[in-house]
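Residue-level listing of the chains:
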Amino acid sequence: MRPADNDLLCRVEGDAPMGRIMRQHWLPVCMSEELEADGAPVKSRLVGVDLVAFRDTAGKVGVLDERCPHRGASLAFGRNEDCGLRCLYHGWKFATDGEIVDMASEPADSRMRNLRARAYPAHEAGGFVWAWLGDPEAVRPFETPAWAPTPTTKIAIVKMHAACNWAQVLEGSIDSAHSSSLHSTNMPTAEVEGSTATETAWLRPSNDKAPRLEAEVTDYGFHYAALRRPIRDPETHVYVRSTVFIAPFTVLIPPNDKYNLAQMLVPIDDENCMFYWIAWHPTGGIGQDAWRRFCAAVPGVDLNPDWTKKRNLQNNFLQDRAAMAAGDFTGIEGIPAQDMAMWESMGPIADRSEDHLGSSDVAIIQFRRQMVAAAKAVQKGEPAIGTTSKSRQVDLASFEGVVPKTADWRTFTTRNARQAEPAE
Ligand code: FES
Ligand SMILES: [Fe+2]
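Here the structure is a predicted model, which is why all the values come from computation and not from measurement.

Procedures and definitions
- Residues numbered from 1 in each chain as written.
- Chains lettered and ligands numbered in written order.
- Predicted model: local features only at pLDDT ≥ 70, side-chain atom pairs only at ≥ 80, totals over all residues.
- Heavy atoms only, no water.
- Helix = DSSP H or I, 4+ residues; strand = E, 2+ residues; numbered from the N terminus.
- Polar contact = N/O pair within 3.5 Å; in protein donor to acceptor, adjacent residues only side chain to side chain.
- Donors = N, O, S within 2.8 Å, 3.2 Å for Na, K, Ca; no water.
- Tetrahedral: all angles 85-135°; square planar, octahedral: opposite > 155°, others 65-115°.
- Buried < 20%, exposed > 50% of the residue type's maximum accessible area, 1.4 Å probe, protein only.
- Salt bridge = Lys/Arg side-chain N within 4 Å of Asp/Glu carboxyl O.
- Contact = heavy atoms within 4.5 Å.
- Expected span 1.5 Å × (residues − 1).
- Pairing = 2+ DSSP bridges.
- Axes fitted to C-alpha atoms, helices over the stretch in contact; angles between N-to-C directions.
- Domains from an automatic or database assignment.
- Buried area = accessible area lost by both parts, 1.4 Å probe.
- Nonpolar A, V, L, I, M, F, W, Y, C, P; charged D, E, K, R; others polar.

**Brief notes about the side chain of D302**
Here is step 1 of the chain: Counting through the fold element by element, D302 comes out in the loop between α5 (288-294) and α6 (321-325).
Here is step 2 of the chain: For D302, the side chain forms a polar contact with the main-chain nitrogen of A297, separated by 3.3 Å.

In structure tokens form, the structure reads like this:
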């Protein structure tokens, strides 16, 4: 990939085309659970813009520029009380919509009274607080995310900071081939008889490490399937894992038998992104605490208060060579940390000019091609990718299962098709 195209794909700050695409979508600021009424405000950074989010006394969420419009102190230190966030420095106080409701340091007749803080339209859904960072005159209607088809859907979220560009994290998310190596300890092959795997592991009905990949472009992005030889009935059946890429930053990854899975790879700036891994189920699934324990992503244990990782590139992810010698494939604890070790080791922005892409990289090639084209389209004034899609996110779904070879994986990617999946 040429360096100029790599920049188009990766860079989101300032006026970069990919950032302009991102700002034509609602972006997740933080998880809803992070904001308590009159609780501590939360810092967030999206496409290079520093924000503060807070929930006022009445439960309403506000998303403002982090810098106070008076002289630029951080509102993240502010007092959140009596329906507003008050800057500590001189006591100006802001409502969720940016109105300045108290300007203690100015006389009542001051012209400054017309000033406002920059507030962004905010919305809560699917366990997240979302903000619109684009043109305030062109706010698109909020679309219900794929993992919240009903208000009562059970949602568990892992949140983790990645110290590298969003696109290489997304390329991990759509890379079905890596899991049979990198995550082989956590996602072992199911021995058909007498499995020795632990309860928390995901069993795979295949030991085929070289999947055949097929991709199909759609109006929301693309979807692709990794097709593997199953352990049982390899002559007549195929093991399908299909993945859905909803441009620009959402991926529905194959479910397991207990819950559905999605990831959002949200650009913080050019060299950092926020990784969200969502497990959901109409009624049951997995609880928030159990999900975080399974992912070794427990706040305070595995993660610092700002969602950076305790096991990180600086300490080699505490890789345990003795555990590797004893059979653990990576010596790194937790599926996301194993991914992070790979992603961050590629550098803050991966140099893609010397990659050697093979047949298992079909989805990576599709992603790069589609998103570079999308960046160029926006430069020409065309609509941003994902803004003209007719598909509803809640109708999309990834798929995992062993099916007859005669079946077409493309038909297993809507929720309806999934419900009608062949019994296996
Ligand atoms: S800097 Fe915030 S009130 Fe002065
Ligand atoms: Fe992974």
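Continuing now.
**Some points on the coordination of the iron ion (ligand 2)**
Here is step 1 of the chain: For the iron ion (ligand 2), every protein donor is listed as H178 (NE2), H183 (NE2), D339 (OD) and D339 (OD), and the spread of their distances is 2.1 to 2.5 Å.
Here is step 2 of the chain: Considering all 4 donor atoms around the iron ion (ligand 2), angles at the metal cover 56 to 151 degrees and the coordination shape is irregular.
Here is step 3 of the chain: Written as a sequence motif, the donor residues of the iron ion (ligand 2) are H-x4-H-x155-D. Here the residue H183 occupies a position in the loop between α4 (179-182) and β13 (212-217), and D339 occupies one in helix α7 (residues 335-345), the gap between them amounting to 156 residues. Of the two residues, H183 and D339, neither departs from the other in class, the shared state being buried.

**Remarks on the pattern of salt bridges**
Here is step 1 of the chain: Scanning the entire structure with this criterion turns up 27 salt bridges.
Here is step 2 of the chain: Between E33 and R292 there is a salt bridge, with the nearest N and O atoms lying 3.2 Å from each other. Here E33, found in the loop between β1 (27-31) and β2 (42-46), pairs with R292, found in helix α5; they are 259 residues apart in sequence, far enough to count as distant.
Here is step 3 of the chain: Residue E33 is classed as partly exposed on the basis of its relative accessible area, which comes to 44%.
Here is step 4 of the chain: The buried category is assigned to R292, whose relative accessible area is 7%.
Here is step 5 of the chain: Of the charged contacts in the structure, one is a salt bridge between R45 and D269, with a shortest N-O distance of 2.9 Å. Taken as a pair, R45 in strand β2 and D269 in strand β17 (residues 260-269) lie far apart in primary sequence, 224 residues in all.
Here is step 6 of the chain: It is possible to trace a salt-bridge network through shared partners that takes in R212, E214, E216, D408 and R410.

**A few points about the environment of R23**
Here is step 1 of the chain: Of note, R23 is situated in the loop between α2 (17-22) and β1.
Here is step 2 of the chain: On the basis of relative accessibility, which here comes to 17%, the residue R23 falls in the buried class.
Here is step 3 of the chain: Residues R23 and L46, spaced 23 residues apart in sequence, show a C-alpha to C-alpha distance of 9.3 Å.
Here is step 4 of the chain: In this structure, R23 is in contact with V12, G14, V47, W132, L133 and G134, ignoring residues within four places of it in sequence.
Here is step 5 of the chain: There is a polar contact of 3.3 Å between the side chain of R23 and the backbone oxygen of G14.

**Examining helix α8 (residues 362-379)**
Here is step 1 of the chain: Look at α8: 26 Å from first C-alpha to last across 18 residues, which is about the 26 Å you get at 1.5 Å a residue.
Here is step 2 of the chain: Taken residue by residue, α8 has A363, I364, Q366, F367, R368, Q370, M371, V372, A374, A375, A377 and V378 as its buried positions.
Here is step 3 of the chain: On its buried face, α8 is in contact with α1 (3-10), α2, α3 (166-173), β13, β14 (221-228) and β15 (237-246).
Here is step 4 of the chain: Directly after α8, the chain includes G381, whose backbone phi takes a positive value near 90 degrees.

**Description of the sheet that holds strand β10 (residues 122-125)**
Here is step 1 of the chain: One open sheet holds the 3 strands; their spatial order is β1-β11-β10, and the pairing between them is antiparallel. Pairing within the sheet leaves two strands with one partner each, and these edge strands are β1 and β10. Strand-to-strand twist across the sheet, computed as the mean angle between neighbouring axes with direction ignored, equals 30 degrees.
Here is step 2 of the chain: As paired elements, β10 and strand β11 (residues 128-131) share 4 bridges and run antiparallel to each other. Counterpart to E124 in the pairing with β11 is V129.

**With respect to the domain arrangement of the protein**
Here is step 1 of the chain: You can read the domains of the protein as domain 1 (26-138) and domain 2 (154-419).
Here is step 2 of the chain: One C-alpha centre belongs to domain 1, the other to domain 2; they are set 34 Å apart.
Here is step 3 of the chain: Between domain 1 and domain 2, the contact holds 16 residues from the first and 14 residues from the second.
Here is step 4 of the chain: Carbon and sulfur atoms make up 66% of the area that domain 1 and domain 2 hide from each other, which totals about 1,100 Å².
Here is step 5 of the chain: Interface area lost by domain 1 to domain 2 is led by M31, R45 and F128, which between them contribute 39%.
Here is step 6 of the chain: Seen at the junction of domain 1 and domain 2, the total is 3 salt bridges.
Here is step 7 of the chain: The tally of links between domain 1 and domain 2 comes to 8 residue pairs in polar contact (both at pLDDT 80 or more).
Here is step 8 of the chain: The dominant element in the side of domain 1 that touches domain 2, judged by the number of residues it contributes, is β1, at 5 residues.
Here is step 9 of the chain: Across the side of domain 1 that touches domain 2, the residue classes break down as 10 nonpolar, 3 polar and 3 charged.

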